[in-house]
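The residues making up each chain are set out below.
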Amino acid sequence: VRQAANGLTGTVGNMADLLDLARRMHPLNEVRTSVHPLYTTTTQLPLEATNENEAWVRVLEEIEMMRLMEGGLNQHYFGLVRVNYGSGMNGIGYVGAPSAVGSDDPADVGRVVAHELGHNWGRWHSPCGSPGGLDPNEAYPYANGRIGVYGLEIDRERVRPPSDPDIMGYCPNPWISDHTFNRVLSFRAQAASGTSAMAGGKQLSMIVWGRIQNGRLVLEPSFQVVTRPSLPSKPGPYSVEATAADGRRLFSLSFDATPVADKGSGSRHFAFAVPLDPALATQLTTLRLQGPGAPFAAVAQSRGDLTRGVRPEAVNVKREGDGVTLQWDAGAHPMIVVRDPDTGEVLSMARGGSAR
C-alpha cells in the first residue's frame, strides 16, 4: 500500500517469511499466495502509533473493498505498509472477515500476519500485554493470556512451555494455545461451507459499503461493478434500503456490521455486493442506512453515474514520471475507482478531485 500524501509504502519482501509463523502455528494444510499490484490510498491522514486519527481503519476499509470488488470471497487480502515510528500500532484487521493491514517491519511482520489472520478467523485478543478488545462472548481460559498447555513446533522440534504467550495477545515471542487453535479450526470449517454455498459466477452488482463509528452512521458512495455477489449471512440491527424517485423500495438489506480489532475505536464496517438488474439500477435515487441509537445516513445517487460510470471526458489524465495524475470534479463524483484495464485489479479508490 502506498499513501499518496506522504510517500508511505510497503514492501512485499519474502512471502515465505511473511507467512512462516502463521503456517507453523495455525491449522493450515496449504498456503498459496499472490502479490497484488501496488495500491494507492488517498487517505490524507498519516498512520499513527496510537491510531487516534483512525487512518489505519480507513486503509483497512479500502483493502476490504478491493477484495469485494475483485471477487476474492474465499481469499485473504493483507495490505503491507511502512510506518515511520518505532513502536505502537503495527497492524489492524477485521474480526471474522478476511482483510487486514500490517507493518512490513521484517523483525515483526511474521507475528503481525499471524495475529491479524487470527482476527480474520474470528479471534479477539488474549489478555497479554493489555491489548483491550477481549472476546465479549467467551473469556480466555488461561491467566495472563498464556497458552496454558505445552505447545510443539513440529518442524523445529521445539517444545513451548505453558507460560508462553498466545499469538492473539501483545506479548513477544508468542505461540498458539489449544483454545485459539481449536476456535480457528472451527471458524475455518464453518467459513469453508459458507463459501461453497455462496460460490458462483461474477455478475453486475451494486457495491454498498460504510461504517458505524463512535455512534455515527457513515454510508459511502455506491457504484456498480461486475463481481461475485456478497450478501449478509444473517439479519442484524442495521439496514440499508435503496429507493426510486417515487419512493418504491428496490432492495433492502438487514445485517450486523463487522467489528475492527486492534485499536479500531469500536468501529464496525460493512461491505456488500448486491446483484441488481440494470433496469432497476437506472431507477435508484437514494440509499438510506439505519441503525440503533443513531440518526440515519443517506446518499443521493445519480442514476446515470451508477449505470454508466464516470464518463472518460470527466477525468483529466496526465502522466507524470512513473505515475499518473487524475483530476476530476469531486462535487459530481465524490470517489472514483481506478482499475487495471487488463486484469480488473483495483489500484486506488480516489477522493477529493485529485490523485496521483
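The notes below deal with the structure included here. Quick caveat: nothing in here was measured; it's all calculated off a predicted structure. (Residues numbered from 1 in each chain as written. Predicted model: local features only at pLDDT ≥ 70, side-chain atom pairs only at ≥ 80, totals over all residues. Heavy atoms only, no water.)

**Let's talk about the overall build of the chain**
Of regular secondary structure, the chain possesses 6 helices and 21 strands. Here the chain has a C-alpha radius of gyration of 21 Å; the compact-globule value for 356 residues is 21 Å, and the two agree. Counting only C-alpha atoms, the chain reaches 65 × 50 × 35 Å along its principal axes. In the chain, which comprises 356 residues, the proportion classed as buried is 47%. The contacts of the chain with a sequence gap of at least 6 include a subset with a gap of at least 24, amounting to 60%. Accessible surface for the chain amounts to roughly 16,900 Å². Of this, 50% is attributable to carbon and sulfur atoms. Of the charged side chains in the chain, 33 are positive and 36 negative, and the gap between their average positions amounts to 3 Å. (Helix = DSSP H or I, 4+ residues; strand = E, 2+ residues; numbered from the N terminus. Rg over C-alpha atoms; globule rule 2.2 N^0.38 Å. Buried < 20%, exposed > 50% of the residue type's maximum accessible area, 1.4 Å probe, protein only. Contact = heavy atoms within 4.5 Å. Areas by Shrake-Rupley, 256 points an atom, 1.4 Å probe, with all protein chains shown as cover. Lys, Arg positive; Asp, Glu negative; His and termini not counted. Charge placed at Lys NZ, Arg CZ, Asp CG, Glu CD.)

**Observations regarding the sheet that holds strand β1 (residues 2-3)**
Across a sheet, strands are paired by hydrogen bonds formed along the backbone, either parallel or antiparallel in direction. The sheet built from 4 strands is open, its strands ordered β1-β2-β20-β19 with mixed pairing. Two strands in the sheet have a free side with no partner beyond their single neighbour: β1 and β19 (335-339). Bridging between β19 and strand β20 (residues 346-351) involves 5 bridges; their strand directions are antiparallel. Across the sheet, the residue bridging to V337 is M349, located in β20. With respect to the sheet, helix α2 (residues 55-69) is in contact with β2 (40-41), β19 and β20, its orientation differing from that of β20 by roughly 130°. (Pairing = 2+ DSSP bridges. Axes fitted to C-alpha atoms, helices over the stretch in contact; angles between N-to-C directions.)

**Observations regarding the side chain of S348**
Mapped onto the secondary structure, S348 falls in strand β20. Leaving out residues up to four positions away in the same chain, S348 has contacts with Y39, T40, T42, I336, V337 and V338.

**Notes on the sheet that holds strand β18 (residues 323-328)**
Strand order in the open sheet made by the 3 strands is β17-β18-β21, with antiparallel pairing throughout. In the strand order of this sheet, the two ends are held by β17 (315-320) and β21 (354-355), each with one partner. Where β17 lies against β18, 6 bridges are found, and the strand directions are antiparallel. Along β18, the bridge assignment pairs R319 with V324.

**Section: the pairing of strand β3 (residues 77-81)**
β3 sits mainly inside the fold: 4 of its 5 residues count as buried. Bridge analysis of β3 against strand β5 (residues 99-103) gives 5 bridges, and the strand direction is parallel. Looking at β5, one finds that F78 is bridged to A100.

**Brief notes about the environment of N120**
Along the chain, N120 turns up in helix α3 (residues 109-120). Distance in space between the C-alpha atoms of N120 and G93 is 6.6 Å, their sequence separation being 27 residues. Discounting chain neighbours no more than four positions away, the residues touching N120 are H76, G93, Y94, G96, A97, P98, S99, A100 and F187.

**Some words on the state of the cysteines**
If you walk through the whole model with that rule in mind, you get 1 disulfide. The residue that forms a disulfide with C128 is C171, at a sulfur-sulfur distance of 1.9 Å. Residues C128 and C171 are joined by a disulfide whose S-S torsion is about -100°; by sign, that bridge is left-handed. Of this pair, C128 sits in the loop between α3 and β6 (151-153) while C171 is found in the loop between β7 (158-160) and α4 (178-198), placing the two residues 43 residues apart along the sequence. With relative accessibility at 14%, the residue C171 sits in the buried group. (Disulfide = S-S within 2.5 Å.)

**Examining the packing of aromatic side chains**
In total, this model carries 5 aromatic pairs according to the counting rule given. Look at F255 and F270: their rings are 4.8 Å apart centre to centre, the planes differ by 40°, and that puts the pair in the tilted class. Placement of the pair is F255 in strand β12 (residues 249-255) and F270 in strand β14 (residues 268-275), with a sequence separation of 15 residues. For F255, a relative accessible area of 1% corresponds to the buried category. Judged by relative accessible area, which is 5%, F270 ranks as buried. Connected via pairs of aromatic rings, a cluster forms that spans Y238, F255, F270 and F272. (Phe/Tyr/Trp six-rings, centres within 6.5 Å; stacked < 30°, edge-to-face > 60°.)

**Concerning α3**
Taking 1.5 Å of rise per residue, 12 residues should cover 16 Å, and α3 covers 16 Å from first to last C-alpha, within 8% of that figure. Among the 12 residues in α3, 12 count as buried, and that is most of the element. Burial in α3 covers these residues: V109, G110, R111, V112, V113, A114, H115, E116, L117, G118, H119 and N120. Backbone geometry just after α3 places G122 at a positive phi near 90°. (Expected span 1.5 Å × (residues − 1).)

**Comments concerning the nonpolar core**
Burial of nonpolar side chains together is a common tendency in soluble globular proteins. Ranked by size, the top nonpolar core spans 33 residues in total, and within it W56, M65 and I207 carry the most contacts. Contributions of two or more residues to this core are made by α2, β3, β8 (203-213), β10 (223-227), β14 and β20. Of the residues forming this core, the biggest block, 10 residues, is contributed by α2. When neighbours within four sequence positions are excluded, M65 is seen to be in contact with I207, W209, F223, A271 and M349. Core analysis: the second largest hydrophobic core is formed by 24 residues, I212, L217, F255 and F270 among them. (Core = buried A, V, L, I, M, F, W, Y, C linked by side-chain atoms within 4.5 Å.)

Functional significance is not addressed by these values, which are geometric in nature.
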